[in-house]
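Next come the chains, spelled out residue by residue.
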Amino acid sequence: MRRRDFSQAAMLSCATVTLGGVSAQALAQPTAFKEGTDYYKLGRPAPVDAPADKVEVVEFFGYWCPHCARFEPAFDAWLKKAPAHMAVRRVPVAFRDDNVPLQRLYYVLEAMGKVEELHGKVFTALHVEKVRFNTQDDIAAWLVKQGVDKAKFLEFYNSFSVAGKARRATQITEAYQVDGVPGLGVAGKYFTSGSLAKSMDRALAVVEHLAQPGRKA
């Protein structure tokens, strides 16, 4: 979902999202991927956290985004089979101040070792069950129902560490020039999305193409 589409979120779909695996046709035709059409190259490299022998892949997402909710099962399946030379991480995007609580929520789950258990459930709660996640109290109430200690959640939520990670997420989002989610960054150099690649399946194939070991820029 793009920044400018928030006010029309119920009516507009700004990205094509499919839930199957990466298409064999897309993987078989890497030369079909064109800079400026299927992906763009950053004018200035974005910061990366991956080791020197790994290619970093970043999933930009927002819990608030319905397109991200639809894409997440496919991304999770792809992530479990991602090539060993990739270092994959998620970066929660806010775009607006009222989405910052959800941005912080991801880093709280990460700090508490709860991403695998609760990441997908947050999407379901928001987009299927229509649970309110507007404030830290809303989030705390839901997490307590998932068996999370409220005091521990609030400690992490209001910590300097989580606040710093949220700020860094915003900086990385800006460095990649992300204007809509879900989106995928590669090696601090490239960005693709369903809007660019025409589907998120194809965007994943673009990522595998761009992240090939030894690939020249």
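Thresholds applied
- Residues numbered from 1 in each chain as written.
- Predicted model: local features only at pLDDT ≥ 70, side-chain atom pairs only at ≥ 80, totals over all residues.
- Heavy atoms only, no water.
- Phe/Tyr/Trp six-rings, centres within 6.5 Å; stacked < 30°, edge-to-face > 60°.
- Helix = DSSP H or I, 4+ residues; strand = E, 2+ residues; numbered from the N terminus.
- Buried < 20%, exposed > 50% of the residue type's maximum accessible area, 1.4 Å probe, protein only.
- Pairing = 2+ DSSP bridges.
- Contact = heavy atoms within 4.5 Å.
- Axes fitted to C-alpha atoms, helices over the stretch in contact; angles between N-to-C directions.
- Core = buried A, V, L, I, M, F, W, Y, C linked by side-chain atoms within 4.5 Å.
- pLDDT = per-residue confidence, 0-100.
- 1 Å grid on protein atoms, 1.4 Å probe; cavity = no way out; pocket = protein on both sides within 12 Å on 5 of 7 lines; lining within 4 Å.
- Points joined across faces, edges and corners; volume = space filled by probe spheres on them.

## A word on the packing of aromatic side chains
Moving on, step 1. Taken as a whole and assessed by the stated rule, the structure comprises 14 aromatic pairs.
Moving on, step 2. Centre to centre, the rings of Phe61 and Tyr106 are 5.4 Å apart; their planes meet at 75°, and the pair counts as edge-to-face. Linking Phe61 in strand S2 (residues 55-61) with Tyr106 in helix H3 (residues 100-111), this pair joins segments that are 45 residues apart in sequence. The same class applies to Phe61 and to Tyr106, which are both buried.
Moving on, step 3. A ring pair is formed by Phe153 and Tyr157, whose centres lie 5.4 Å apart and whose planes are at 45°; its orientation type is tilted. On the criterion of helical spacing, the pair formed by Phe153 and Tyr157 is a turn pair, its members being four residues apart in helix H6 (residues 150-157).
Moving on, step 4. Note on Phe153: relative accessible area 1%, which makes it buried.
Moving on, step 5. Ring pairing ties together the aromatic residues Phe61, Tyr63, Tyr106, Tyr107 and Phe123, which thus form one cluster.

## Quick look at the environment of Asp76
Moving on, step 1. By the element assignment, Asp76 lies in helix H2 (residues 66-80).
Moving on, step 2. Judged by relative accessible area, Asp76 falls into the partly exposed class, the value being 27%.
Moving on, step 3. Taking C-alpha positions, Asp76 is 9.3 Å from Gly120, a pair spaced 44 residues apart along the chain.

## Here's the deal with the sheet that holds strand S1 (residues 40-41)
Moving on, step 1. What the five strands build is an open sheet, ordered S1-S5-S4-S2-S3; its pairing is mixed. Two strands lie at the open edges of the sheet, namely S1 and strand S3 (86-92), each paired on one side alone.
Moving on, step 2. The strands that H2 touches are S2, S3 and strand S4 (183-186); relative to S3, the one it contacts most, it runs at about 160°.
Moving on, step 3. Strands S2 and S3 of the sheet are contacted by H3, whose axis makes an angle of about 140° with S3.

## Considering the nonpolar core
Moving on, step 1. Ranked by size, the top nonpolar core spans 41 residues in total, and within it Phe60, Tyr63, Leu105, Phe133, Leu143 and Tyr176 carry the most contacts.
Moving on, step 2. Not counting chain neighbours up to four residues away, the residues in contact with Tyr176 comprise Tyr40, Leu42, Ala46, Val58, Phe60, Gly185, Val186, Ala187, Gly188, Lys189, Tyr190 and Phe191.
Moving on, step 3. Core analysis: the second largest hydrophobic core is formed by 21 residues, Phe33, Leu184, Tyr190 and Leu210 among them.

## A short note on unusual backbone geometry
In most cases, non-glycine residues show a negative phi, while peptide bonds are predominantly trans.
Moving on, step 1. Cis peptide bonds are those with omega within 30 degrees of zero, and the linkage from Val181 to Pro182 qualifies with 0°.
Moving on, step 2. For Pro182, the position within the fold is in the loop between helix H7 (160-175) and S4.
Moving on, step 3. The phi dihedral of Lys130 is positive, around 60°, even though this residue is not glycine.
Moving on, step 4. Structurally, the position occupied by Lys130 is in the loop between helix H4 (115-127) and helix H5 (136-145).
Moving on, step 5. In this structure, Ala187 is a non-glycine residue whose phi angle is positive, near 60°.
Moving on, step 6. Among the secondary structure elements, Ala187 is positioned in the loop between S4 and strand S5 (190-193).
Moving on, step 7. Owing to a relative accessible area of 27%, Ala187 belongs among the partly exposed residues under this scheme.

## Describing the confidence of the model for the protein chain
For residues with low pLDDT, the predicted coordinates do not support detailed interpretation.
Moving on, step 1. With 84% of its residues at a pLDDT of 70 or more, the protein chain has an overall mean of 88.
Moving on, step 2. The model gives residues 4-28 a pLDDT under 50, and that stretch makes 45 contacts with residues more than four places away or in other chains.

## Considering the layout of surface pockets
Moving on, step 1. By volume, the largest pocket amounts to about 290 Å³.
Moving on, step 2. Looking at the lining of the largest pocket, the elements that each hand over two or more residues are H2 and H4.

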